[in-house]
Amino acid sequence: MIQLALAFLGAGLGAGLAVIGAAYGIGRLAAAAMEGTARQPASAGDIRTSMIIAAALIEGATLFALVVCILLATKAA
Amino acid sequence: MDRNHDDDRNPEEKHAGMSGFARAMQAAGPYLQASYSLAGGVALGVIAGYYADEKLGTTPWLLVTGSVLGMALGVYAFIKAVLEAGKRPRR
Amino acid sequence: MGALVRSTLAAAALAVTFAAAPAASAQEPAAPVQQETVDSNVGLPTETPSVGEHTVSVPDVVFHHVTDGRDIAFENPFTGATFTWNLPHWVVNVGGHEIDLSPTRHLIFMWLAAVILVVALTLAARKRSMVPRGFYSVVETLVRFVREELAVKNIGHHDADHYVPYLCTAFFFIFVMNLLGLVPYAATATGNLAVTAGLALLTFIVTLYAGMRGQGVVGFWAHIVPSGVPLWLYPIMIPVELLGLFTKPFALAVRLFANMAAGHIVLFFLLALIFLLPAVGAVVAPVSVAFAAGIYLLELFVALLQAYIFTMLSALFIGMSSHSH
């Protein structure tokens, strides 16, 4: 019973921490993109494309952690 | 979107038409591959140690030694790859 | 010769992806989550009141809808009448081993996506003319987008046309599969790790082909291990480098799978909140449905974005691999 509880706790904490990392990274990315667009509005399109690509890559890394947490939670029994 | 104006420099170049992002990724390619080699070395060490443990039935010590050897191998591969990437002629 | 290679590559892309999905049916459908009932009054109840003759637990229902299964169930939301299509059971005996090749939910929807694509694009391309009109112009916009923004910008003018058929196949196929998953009572085929692993495997094969084409067959394999490594280390270095080669397609597969599966799980759990908090259902229901509608619109955007990301990264890897020296 205690292992079950610890497994679920671990899964929840892991998912939360992973989201903190992703949100921080993407937040900084968005800030840099805004600043770049503010300095040179002509390159807004290119900056937007690169921002979306980088955000997807960061999110991909986060979803690795999420998959591990889901595995932990569903196989905990 | 604006066309890539780097083409005006060298239209016959094989990389003509590539965006700046793609060129940057291509220049960074060998270094990325070096870090994947590091991860691959550690992974190989851990997997080999784990399966050797299962077969020989020893305690987790084989897994530990396997992972340490894997880390050493990964770092060696990483350093070799970075040195070679630095020696390649840069445009 | 080049056209033949290109068209067989595109056809093989579809064929191998079909073959990858039966691997999913060889596994058991995910075991339902066993949850102990909470005996105190505090805490979320996991048992809903009896539905018909049997009680179900909420996580069971959610995971039954998200993971693969052996049946496709439709339900009339007004009358409650259900219609279940139990998929047939096909077992193949190969050399004494039984391989389970029966179609599953995700496989049926993958085939449906392929049929939709082939029919729609063939019909659209038949009305080709200098001034496109109608559906053909939409298709042409998307194909031009894949060619100009993805293929040329990542591979270069010289080689881009060689790989555009594969990139277009990947883009349209993933996009249609993701969109089909948003239709009620349909399943997302890309929410299955086997399907995304098959697609990533195809990208890996095309990357190897691009590398061998760009650097020569011998040159590509000879440069895998960095130079300056003593000869006695080669037997260990080669598996290390090969494992490193597999990292990128693995990341591609997991990224697409996790994005699609997680989006649908979030959607279902938002709606399941209504059943998890039965006491305050009247308050929870409007909020939950509103949030679920918002997430549904986000999933529409994510469907297109994930197809774009997969194709862009495939093009990037192809470009990196073919220009290495």
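A few points on the structure.

### Examining the overall build of chain A
And step 1. Secondary structure assignment for chain A yields 2 helices and 0 strands.
And step 2. The globule rule puts the C-alpha radius of gyration for 77 residues at 11 Å, and the 18 Å found for chain A is more than 25% above it.
And step 3. If one aligns the C-alpha atoms of chain A with their principal axes, the spans along those axes are about 60 × 15 × 10 Å.
And step 4. Taken across its 77 residues, chain A has 10% of its residues classed as buried.
And step 5. Considering only contacts in chain A between residues 6 or more positions apart, those separated by 24 or more positions represent 79%.

### A word on the overall build of chain C
And step 1. Along chain C, the regular secondary structure elements total 11 helices and 4 strands.
And step 2. Of all 325 residues assigned to chain C, the portion counted as buried reaches 34%.

### Details of the interface of chain C and chain B
And step 1. With 23 residues of chain C at the contact, the number on the chain B side is 24 residues.
And step 2. Elements supplying a minimum of two residues to the side of chain C that touches chain B: α5 (135-155), α6 (157-180), α9 (234-245) and α11 (281-322) of chain C.
And step 3. With 7 residues, the top contributor of residues to the side of chain C that touches chain B is α9(C).
And step 4. The residue makeup of the side of chain C that touches chain B, split by class, is 10 nonpolar, 11 polar and 2 charged.

### Remarks on the packing of helix α10 (residues 247-276) of chain C against α11(C)
Helix-helix packing is described using two parameters, namely the angle between the two axes and the distance between the axes.
All names here are of chain C.
And step 1. As a packed pair, α10 and α11 sit with axes 7 Å apart at the nearest point and diverge in direction by 170°. Comparing the axis directions of α10 and α11 gives the class roughly antiparallel.
And step 2. Of the residues assigned to the contact of α10 with α11, the class counts are 19 nonpolar, 5 polar and 2 charged.

### Examining the environment of Leu44(B)
And step 1. Checked against the element boundaries, Leu44(B) lands in helix α1 (residues 20-56).
And step 2. By C-beta crowding, Leu44(B) is classed as buried, having 24 other C-beta atoms within 10 Å.
And step 3. Along the sequence, Leu44(B) and Gly74(B) sit 30 residues apart, while their C-alpha atoms lie 9.0 Å from each other.
And step 4. Residues within four places of Leu44(B) in sequence aside, it is in contact with Gly70(B), Pro239(C), Val240(C) and Leu243(C).

### Looking at the interface of chain A and chain C
How big an interface is tends to be reported as the loss of accessible area on association of its parts.
And step 1. In this complex, chain A contributes 9 residues to the contact, which on the side of chain C involves 12 residues.
And step 2. Grouping the constituent residues of the side of chain A that touches chain C by class yields 7 nonpolar, 2 polar and no charged.

### Some words on the environment of Leu270(C)
And step 1. Positionally, Leu270(C) belongs in helix α10.
And step 2. Sequence separation between Leu270(C) and Ala120(C) is 150 residues, and the spatial gap between their C-alpha atoms is 34 Å.

### With respect to the pairing of strand β1 (residues 71-75) of chain C
Residues and elements named next belong to chain C.
And step 1. When β1 meets strand β2 (residues 82-86), the two strands line up antiparallel, connected through 5 bridges. The partner of Phe-74 across the bridge, within β2, is Phe-83.
And step 2. Between the end of β1 and the start of β2, which pair antiparallel, lie 6 residues, with Gly-80 showing a positive phi angle near 80°.

### Concerning the packing of helix α1 (residues 2-39) of chain A against helix α2 (residues 44-74) of chain A
Residue and element names in this part refer to chain A.
And step 1. Look at α1 against α2: their axes get within 9 Å of each other, and the N-to-C directions meet at 175°. As summarised for this structure, α1 and α2 are arranged roughly antiparallel, according to the angle between their axes.
And step 2. The residue makeup of the contact of α1 with α2, split by class, is 23 nonpolar, 7 polar and 1 charged.

### Quick word on the pairing of strand β3 (residues 91-94) of chain C
Residues and elements named next belong to chain C.
And step 1. Both β3 and strand β4 (residues 97-100) contribute to a ladder of 4 bridges, which runs antiparallel. Within β4, the position partnered with Val-92 by the bridge is Ile-99.
And step 2. The loop that links β3 with its antiparallel partner β4 comprises 2 residues; one of these, Gly-95, has a positive phi angle of about 55°.

### Structural notes on the nonpolar core
And step 1. In terms of nonpolar packing, the biggest core is built from 64 residues, with Ala151(C), Tyr163(C), Leu167(C), Phe171(C) and Ile174(C) touching the most fellow members.
And step 2. Going through the elements one at a time, α2 of chain A together with α3 (58-66), α4 (105-125), α5, α6, α7 (193-215), α10 and α11 of chain C are the ones with two or more residues in this core.
And step 3. For this core, the element with the most residues is α6(C), which contributes 14 residues.
And step 4. If you look at the next biggest cluster of nonpolar residues, it comprises 12 residues, including Leu73(B), Ala77(B), Phe78(B) and Val240(C).

### Considerations on unusual backbone geometry
And step 1. Although it is not a glycine, Tyr185(C) adopts a positive phi angle of roughly 70°.
And step 2. Inspection of the secondary structure assignment puts Tyr185(C) in the loop between α6 and α7.

Reading guide: rules and limits
- Residues numbered from 1 in each chain as written.
- Chains lettered and ligands numbered in written order.
- Predicted model: local features only at pLDDT ≥ 70, side-chain atom pairs only at ≥ 80, totals over all residues.
- Helix = DSSP H or I, 4+ residues; strand = E, 2+ residues; numbered from the N terminus.
- Rg over C-alpha atoms; globule rule 2.2 N^0.38 Å.
- Buried ≥ 20, exposed ≤ 12 C-beta atoms within 10 Å, placed from the backbone.
- Contact = placed C-beta atoms within 7 Å.
- Nonpolar A, V, L, I, M, F, W, Y, C, P; charged D, E, K, R; others polar.
- Axes fitted to C-alpha atoms, helices over the stretch in contact; angles between N-to-C directions.
- Parallel < 35°, antiparallel > 145°, perpendicular 65-115°, else oblique.
- Pairing = 2+ DSSP bridges.
- Core = buried A, V, L, I, M, F, W, Y, C linked by C-beta atoms within 7 Å.

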